[in-house]
Amino acid sequence: MTWNPRSLPGQAGKTFVITGANAGLGYFTAEQLADAGAHVVLACRNPDRARAAAGAIRGRVPGASVSTVPLDVADLASVRRAAEALLELPSIDGLILNAGVVHPPRHREVSVDGNELVLATNYLGHFALTALVLPALRRTPGSRVVSLGSLISWLLDSPLLDLQLESGYNRWKAYAQSKIAAQVFGFELDRRLRAAGAGGADGVQSLVAHPGYSISGLTLGIRGVNQPSRATRLADNLQAFGAQGKDAGAWPTVRAAVDPDARGGDYYGPRYLTRGLPTLQEPTRTSLDPAVAESLWSRSEQLLGVPFPL
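Residues numbered from 1 in each chain as written. Predicted model: local features only at pLDDT ≥ 70, side-chain atom pairs only at ≥ 80, totals over all residues. Heavy atoms only, no water.

## A word on the overall build of the protein
Move 1: When helices and strands are counted, the protein shows ten helices and eight strands.
Move 2: Relative to its length of 310 residues, the protein is compact, with a C-alpha radius of gyration of 18 Å against a globular reference of 19 Å.
Move 3: By its C-alpha atoms, the protein is 45 × 45 × 40 Å across when sized along the principal axes.
Move 4: Counting only residues that meet the buried cut, the protein has 59% of its 310 residues in that class.
Move 5: Relative to all contacts within the protein whose residues are 6 or more apart in sequence, the contacts with residues 24 or more apart total 75%.
Move 6: For the protein, the accessible area works out to roughly 13,200 Å², and carbon and sulfur atoms hold 52% of it.
Move 7: Across the protein, the centroid of the 30 positively charged side chains sits 6 Å from that of the 26 negatively charged ones. (Helix = DSSP H or I, 4+ residues; strand = E, 2+ residues; numbered from the N terminus. Rg over C-alpha atoms; globule rule 2.2 N^0.38 Å. Buried < 20%, exposed > 50% of the residue type's maximum accessible area, 1.4 Å probe, protein only. Contact = heavy atoms within 4.5 Å. Areas by Shrake-Rupley, 256 points an atom, 1.4 Å probe, with all protein chains shown as cover. Lys, Arg positive; Asp, Glu negative; His and termini not counted. Charge placed at Lys NZ, Arg CZ, Asp CG, Glu CD.)

## Looking at the packing of aromatic side chains
Move 1: All told, the structure shown has eleven aromatic pairs when counted by the stated rule.
Move 2: An angle of 65° between the planes, with centres 6.2 Å apart, marks the rings of Phe-185 and Phe-308 as edge-to-face. Note that Phe-185 is positioned in helix α6 (residues 171-195) and Phe-308 in the segment after α10 (290-304), a separation of 123 residues in sequence. Taken as a pair, Phe-185 and Phe-308 share a single burial class, namely buried. (Phe/Tyr/Trp six-rings, centres within 6.5 Å; stacked < 30°, edge-to-face > 60°.)

## Some details on the packing of α6 against α10
Packed helix pairs are characterised by how far apart their axes lie and by the angle those axes make with each other.
Move 1: Close contact between α6 and α10 brings their axes to 9 Å; oriented N to C, the two are set at 95°. Relative to α10, α6 is oriented roughly perpendicular. Facing Ala-181, Val-184, Phe-185, Glu-188, Leu-189, Arg-191 and Arg-192 of α6, the residues of α10 in contact are Pro-290, Val-292, Ala-293, Glu-294, Leu-296 and Trp-297. (Axes fitted to C-alpha atoms, helices over the stretch in contact; angles between N-to-C directions. Parallel < 35°, antiparallel > 145°, perpendicular 65-115°, else oblique.)

## What about the sheet that holds strand β6 (residues 205-209)?
Move 1: Taken together, the eight strands give an open sheet; going across it, the order is β3-β2-β1-β4-β5-β6-β7-β8, and neighbouring strands pair in mixed fashion. Strands at the two margins of the open sheet, each flanked by one partner only, are β3 (65-70) and β8 (278-280). Direction aside, the axes of adjacent strands within the sheet are offset by 20° on average.
Move 2: Both strand β5 (residues 144-148) and β6 contribute to a ladder of five bridges, which runs parallel. Opposite Ser-147, over in β6, you have Val-208 as the bridge partner.
Move 3: In the packing of helix α1 (residues 24-35) onto the sheet, contacts are made with β1 (15-19), β2 (39-44), β4 (94-97) and β5, and the angle to β1 comes to roughly 170°. (Pairing = 2+ DSSP bridges.)

## Brief notes about the side chain of Asp-162
Move 1: With respect to the element layout, Asp-162 can be found in the loop between α5 (152-155) and α6.
Move 2: Salt bridges are absent for the buried Asp-162, whose nearest opposite-charge side chain, Lys-173, sits at 5.5 Å. (Salt bridge = Lys/Arg side-chain N within 4 Å of Asp/Glu carboxyl O.)

## Quick word on the pattern of salt bridges
Move 1: For the coordinates displayed, the defined rule picks out seven salt bridges.
Move 2: Its salt-bridge partner being Asp-190, residue Arg-194 comes within 2.7 Å of it at the nearest N-O pair. A residue pair is termed a helical-turn pair when its members lie 3 or 4 positions apart in one helix, as Arg-194 and Asp-190 do in helix α6 at four residues.
Move 3: Overlapping salt bridges bring together Glu-188, Arg-191, Arg-192 and Glu-294 as one network.

## What to know about a nonpolar patch on the surface
Move 1: Residues Trp-154, Leu-155, Leu-156 and Trp-172 make up a contiguous nonpolar surface patch of about 450 Å² in total accessible area.
Move 2: Residue placement: Trp-154 occurs in helix α5. (Patch = residues over 30% accessible without salt bridge, like charges linked within 9 Å, V, L, I, M, F, W, Y side chains within 5 Å.)

## Focus: the layout of surface pockets
Move 1: Here the second largest pocket defines a volume of roughly 300 Å³.
Move 2: Around the second largest pocket, the lining is made up of 15 residues, and of these Pro-5, Arg-6, Gln-32, Asp-35 and Trp-251 lie nearest the centre.
Move 3: Contributing elements (two or more residues each) for the lining of the second largest pocket: α1 and α8 (246-249).
Move 4: Per-element accounting of the lining of the second largest pocket gives the leading share, four residues, to α1.
Move 5: Residue composition of the lining of the second largest pocket, grouped by class: eight nonpolar, two polar and five charged. (1 Å grid on protein atoms, 1.4 Å probe; cavity = no way out; pocket = protein on both sides within 12 Å on 5 of 7 lines; lining within 4 Å. Points joined across faces, edges and corners; volume = space filled by probe spheres on them. Nonpolar A, V, L, I, M, F, W, Y, C, P; charged D, E, K, R; others polar.)

Written out as structure tokens, the structure is:
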């Protein structure tokens, strides 16, 4: 059966936590889930922008159930505080690891904890958050973790040997490594959950999605959430043949989170790679490599000082 992203299965009674949900893909993921009846928790770095996004969802989705939690994924102290708040929730049906740096800095920067900033934001903070809120996921039957990957994993492959890029920084290599790490983590998490007897349809499932080529200028304007300039609209519309708006870019993530037929280890993306309806796809060989995953997992625990309870 063809998946219809505009007519989702009802999600009433379910709770989804979306990191970086105040704008872009995260916002539209939250809006679409709220429109299906779910309670959505916007876990965001900027409280003002989080409130603006929550207000926009309530304005566009009558009766929407929305709350916010402060979270800066590049700051481990913030991750711990957010995890404490999230553990107070009765259940977490979906943890969507969306927050990220889309435009990496030209020169190497580090987080407050001393980790390369793009890696810290796009991957390490999410590794720590998932580890810390795992008890809430495990007490919620059929819960899911959705990691956001990227098309760049096909364009710039990496075995993730120099995670911190101390031997040489390149902004796009930093972005590619962070997204490859996110994909490797998502698939390895599902393998470990199954091995621990905590995975499967009634346990916690880990899936991965990528948004294709989703850009602001093709996205509907929402005050306080997405307000591209006329120049951005013009430039982005010149790419319309191979791109889509971020509202459509959220579809693979939402499908991974709620499709009853989705399974742990699945990988979703746009049908035509850069755009289109969300479909099952094949990830890169590196993303599925157990040796790469084992190395990444152990180094992540060492860098963060956060043991993953699996």
